[in-house]
Amino acid sequence: MRKMLAAAVSRVLSGVPQKPTSRVLVASCNYSKDVTFEIKKCDLYRLEEGPPVATVLTREDGLKYYKAMQTIRRMELKADQLYKQKFIRGFCHLCDGQEACCVGLEAGINPTDHVITSYRAHGFCYTRGLSVRSILAELTGRRGGCAKGKGGSMHMYSKNFYGGNGIVGAQAPLGAGIALACKYKGNDEIALTVYGDGAANQGQIFEAYNMAALWKLPCIFICENNLYAMGTAIGRAAASTDYYKRGNFIPGLRVDGMDILCVREATKFAADYCRSGKGPIVMEMQTYRYHGHSMSDPGVSYRTREEIHSVRSKSDPVMLLKDRMVNNKLASIEELKEIDVEVRKEIDDAAQFATTDPEPPLEEIGHHIYSSGPPFEVRGANPWIKFKSIS
Amino acid sequence: MAAVSGLVRRPLEQVTVRDAINQGMDEELERDEKVFLLGEEVAQYDGAYKVSRGLWKKYGDKRIIDTPISEMGFAGIAVGAAMAGLRPICEFMTFNFSMQAIDQVINSAAKTYYMSAGLQPVPIVFRGPNGASAGVAAQHSQCFAAWYGHCPGLKVVSPWNAEDAKGLIKSAIRDNNPVVMLENELMYGVSFEFPLEAQSKDFLIPIGKAKIERQGTHVTVVAHSRPVGHCLEAATVLSKEGIECEVINLRTIRPMDIDTIEASVMKTNHLVTVEGGWPQFGVGAEICARVMEGPAFNFLDAPAVRVTGADVPMPYAKVLEDNSVPQVKDIIFAIKKTLNI
């Protein structure tokens, strides 16, 4: 068991920036316009071919991805701080370490595609278009939150983003249903259904696999394997930890989830597969979370600090991208530092808003029970307390 | 309800509850191409209880979908499809099997509009037979009215006759919220006169409104689903003894039409509730609690009384099963006791 875990950790650690195979210099400035990088080959299951092993990163995209990942990183760290200061209550599941997953997935799909994930959703909230401001204010339960303070950390939604789901594994059939709607409407859109290594053992995942394969639904089932489901290491929970093979009759690929380019290429590959009408595909992304399962979990009783430190120093996704860009003259250190400063300011402003915006008004407690209906009365804690409910 | 077409007068049809639901679904499938039906045996088998007979032949694989036996999976798929803009009808072969999927009904469907502060509606219908059947024993006989009726964000309807069934299924399908429709297997084959307006393609029964099936002055009798018929039988018997019962057909469990009940109790001064489900924490318990808390309490001349299923898992042997559900004699007895006769 320890061997299996050690093997999994070493797989996460073995992603190192590759040497470029070509370089294009633009005469008028010091930066490369784009660079081709070799990326790790994905492990394949029931697939003859996989994603390409080299990809082009443009300077523009690189800066975009860097900024996005850094924003998510800093946003999560700010959430950690706000939680400890008791501005955020209840559950708070952070995704720092896993930034390449959500940013890479988004880079491989269209905004018109659909994404649904688990409660470790803050990164996806951002990549799917919610502002840091509206995310942090939702975490602090204020009226300026994206769900007006009524949802909290696990229940944030936006266009073509279906949350944020609190029940482990429930998002899998939901995602298959979204894919069914895409196929039904014939709009060439696909659904990305993201779940963790813990959820991968839920029965409803297999029910979703079965129906998605049976009906050839355009669904990418994505297992974000961060090696631990709460305090349980993968080897203690799964008879098979090859999550990309667990779809049995569904083809799968295992992806280095710490390398954003790997994630992007794998996503494009999987998206093409789905869009071609072949049915669902499974993607396992090998990744790592620095924080514990949630803010109530220090995260060091079931893994060593050495392990966490090792991943952080060798495979940090933000660092990997930064090194690639700087070493290949796609950007300068100063330029990236400027982005860091911008990001810090954005996060600080958002946190300021999130801690000063008022809570939602009590009069609105009864709103949004039903959609599209006339106003009605909702009962409060005793028969004399009544709230108005508006759709 | 739609205006009656004055041009064509058809004789009053006899329609079974089964055919009424079938008609309602057929009309809504035709009206809106986003509507589709999924569940076990709904397509090629014509429905386990033949409620969806003919629909697959008419609409095909895309709109009428046979699922594997995977309630949690297909209920979740239906909810996801509703979130993404379709209007699914998710059939549970019986609501007993909905327990496998209840997380998707409550946590994914019912609560989402609220959690998202109005961003994400879930226009879905969950339907199927609920409650006692005949001889199917404990695991296949539970009534879920109280369980689903408990949850904010859901609408729960419970038709009695053919007109109820058609009007409510159509309203449920057109409603942009998750609606649970609790049908009754023993009622599927029962015929009722279909009023003229029910023959219209726009015939809707509003969700949240009860119907007074029989006017009366001495006692208010409130029921839902099959027991409504038993109450009307009891009322007929009692009428010969000079006792006039006002029988209210709830039609909707949630949101409950307490106003109609209160107005009736304020007139009759007596209340008896009747349901097939277990007594504890049930529909009758809710009605009694609300009447106590409201203006009608002061009009009660006697405590309100509940007639319910027996507080046992449903037994198999006929004599035991018969005594596990409210019979007409039990309703009559309870009414007389309430009236102190």
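The shown structure was predicted, so the numbers you read here are calculated from the model rather than taken from an experiment. (Residues numbered from 1 in each chain as written. Chains lettered and ligands numbered in written order. Predicted model: local features only at pLDDT ≥ 70, side-chain atom pairs only at ≥ 80, totals over all residues. Heavy atoms only, no water.)

1. A short note on helix α7 (residues 162–174) of chain B
All names here are of chain B.
Alright, step 1. Given a rise of 1.5 Å per residue, 13 residues ought to cover 18 Å, and the 18 Å separating the end C-alpha atoms of α7 matches this to within 8%.
Alright, step 2. Burial of α7 is extensive: 12 of the 13 residues sit out of reach of the surface.
Alright, step 3. When we look at burial in α7, the residues that qualify are Ala 162, Glu 163, Asp 164, Ala 165, Lys 166, Gly 167, Leu 168, Ile 169, Lys 170, Ser 171, Ala 172 and Ile 173.
Alright, step 4. Between a side-chain oxygen at the N-terminus of α7 and the backbone nitrogen of Glu 163 the separation is 3.4 Å; the capping residue is Asn 161. (Helix = DSSP H or I, 4+ residues; strand = E, 2+ residues; numbered from the N terminus. Expected span 1.5 Å × (residues − 1). Buried < 20%, exposed > 50% of the residue type's maximum accessible area, 1.4 Å probe, protein only. Polar contact = N/O pair within 3.5 Å; in protein donor to acceptor, adjacent residues only side chain to side chain.)

2. Quick word on the UniProt feature "domain: Transketolase-like pyrimidine-binding" (unreviewed entry) in chain B
Alright, step 1. The sites that carry the UniProt feature "domain: Transketolase-like pyrimidine-binding" (unreviewed entry) are, in the present numbering, residues 15–190 of chain B.
Alright, step 2. Along residues 15–190 of chain B the backbone is 36% helical and 16% strand, and the end-to-end C-alpha distance reaches 8 Å. (UniProt positions renumbered as here; feature names shortened; annotations may be inferred.)

3. Describing the nonpolar core
Most often, soluble globular proteins have nonpolar side chains that are buried together.
Alright, step 1. Phe 126, Tyr 148 and Ile 261 of chain B are the most contacted members of the largest nonpolar core, which totals 92 residues.
Alright, step 2. Each of domain 1 (14–199) and domain 2 (211–339) of chain B gives at least three residues to this core.
Alright, step 3. Leu 47, Leu 82, Leu 192 and Cys 274 of chain A belong to the second largest nonpolar core, which has 73 residues in total. (Core = buried A, V, L, I, M, F, W, Y, C linked by side-chain atoms within 4.5 Å. Domains from an automatic or database assignment.)

4. Regarding the packing of helix α10 (residues 305–315) of chain A against helix α11 (residues 317–327) of chain A
All names here are of chain A.
Alright, step 1. Between α10 and α11, whose axes approach to 7 Å, the crossing angle comes to 20°. Regarding the angle of α10 to α11, the classification is roughly parallel. Only Pro 317, Met 319 and Leu 320 of α11 make contact with α10, whose side of the interface consists of Arg 312, Ser 313, Lys 314 and Ser 315.
Alright, step 2. Residues of the contact of α10 with α11, tallied by class, amount to 3 nonpolar, 2 polar and 2 charged. (Axes fitted to C-alpha atoms, helices over the stretch in contact; angles between N-to-C directions. Parallel < 35°, antiparallel > 145°, perpendicular 65-115°, else oblique. Contact = heavy atoms within 4.5 Å. Nonpolar A, V, L, I, M, F, W, Y, C, P; charged D, E, K, R; others polar.)

5. Details of the UniProt feature "domain: Dehydrogenase E1 component" (unreviewed entry) in chain A
Alright, step 1. With numbering aligned to this structure, UniProt lists the feature "domain: Dehydrogenase E1 component" (unreviewed entry) at residues 68–362 of chain A.
Alright, step 2. Between the C-alpha atoms that bound residues 68–362 of chain A there is a distance of 35 Å. The span itself is 45% helix and 11% strand.

6. Regarding the sheet that holds strand β14 (residues 305–307) of chain B
Two orientations exist for strands paired in a sheet by backbone hydrogen bonds: parallel and antiparallel.
All names here are of chain B.
Alright, step 1. Strand order across the open sheet formed by 5 strands is β9-β11-β10-β13-β14, with mixed pairing between neighbours. The sheet terminates laterally at β9 (211–214) and β14, the two strands that pair on one side only. Put simply, the sheet's adjacent strands are angled 25° from each other on average, direction ignored.
Alright, step 2. Judged from the 3 bridges that link them, strand β13 (residues 271–274) and β14 form a sheet pairing that is parallel. (Pairing = 2+ DSSP bridges.)

7. Digging into the state of the cysteines
What is meant by a disulfide is a covalent connection between two cysteines, made through their sulfur atoms.
All names here are of chain B.
Alright, step 1. Applying the stated criterion to the full structure yields 0 disulfides over all chains.
Alright, step 2. You can see Cys 288 has no disulfide; the closest cysteine sulfur is in Cys 231, sitting 14 Å from it.
Alright, step 3. The buried category is assigned to Cys 288, whose relative accessible area is 15%. (Disulfide = S-S within 2.5 Å.)

8. Structural notes on the packing of helix α8 (residues 227–239) of chain B against helix α12 (residues 328–338) of chain B
Residues and elements named next belong to chain B.
Alright, step 1. Where α8 meets α12, the axes come as close as 9 Å, and the angle between the chain directions of the two elements is 60°. Here α8 lies oblique to α12, going by the angle between them. Judged by the sense of rotation from one axis to the other, the crossing of α8 with α12 is right-handed. Residues His 230, Cys 231, Glu 233, Ala 234, Val 237 and Leu 238 of α8 form the contact with α12, whose participating residues are Val 328, Ile 331, Ile 332, Ile 335 and Lys 336.
Alright, step 2. Partitioned by chemical class, the residues of the contact of α8 with α12 number 8 nonpolar, 1 polar and 2 charged. (Left-handed = near helix turned anticlockwise from the far one by under 90°.)

9. Some thoughts on the sheet that holds strand β10 (residues 252–256) of chain A
Residue and element names in this part refer to chain A.
Alright, step 1. An order of β3-β10-β11-β7-β6-β5 is seen for the 6 strands of this open sheet, with the pairing classed as mixed. Two strands bound the open sheet, and with one partner strand each, they are β3 (43–45) and β5 (114–116). Taken pair by pair, the neighbouring strands of this sheet meet at an average axis angle of 20°, ignoring direction.
Alright, step 2. The pairing of strand β6 (residues 191–196) with strand β7 (residues 219–225) spans 6 bridges and is parallel. Note that in β7 the partner of Thr 193 across the bridge is Phe 221.
Alright, step 3. The sheet strands contacting helix α6 (residues 171–185) are β5, β6 and β7, and the helix crosses β6 at an angle near 175°.

10. A short note on the pattern of salt bridges
Alright, step 1. Under the definition given, this model contains 43 salt bridges over all chains.
Alright, step 2. Here Glu 265 of chain A ties to Lys 268 of chain A by a salt bridge, and the two come within 4.0 Å at their closest N and O atoms. Separated by 3 residues within a single helix, Glu 265 of chain A and Lys 268 of chain A lie in helix α9 (residues 260–275), roughly one turn from each other.
Alright, step 3. Two residues, Asp 164 of chain B and Arg 251 of chain B, come together in a salt bridge whose shortest N-O distance is 2.7 Å. Here the residue Asp 164 of chain B occupies a position in helix α7, and Arg 251 of chain B occupies one in the loop between β11 (245–249) and β12 (252–254), the gap between them amounting to 87 residues. Residues Asp 164 of chain B and Arg 251 of chain B agree in their burial class; the two are buried.
Alright, step 4. Sharing partners across several salt bridges, the network here consists of Glu 27, Glu 28, Arg 31, Lys 166, Lys 170, Arg 174 and Asp 202 of chain B. (Salt bridge = Lys/Arg side-chain N within 4 Å of Asp/Glu carboxyl O.)

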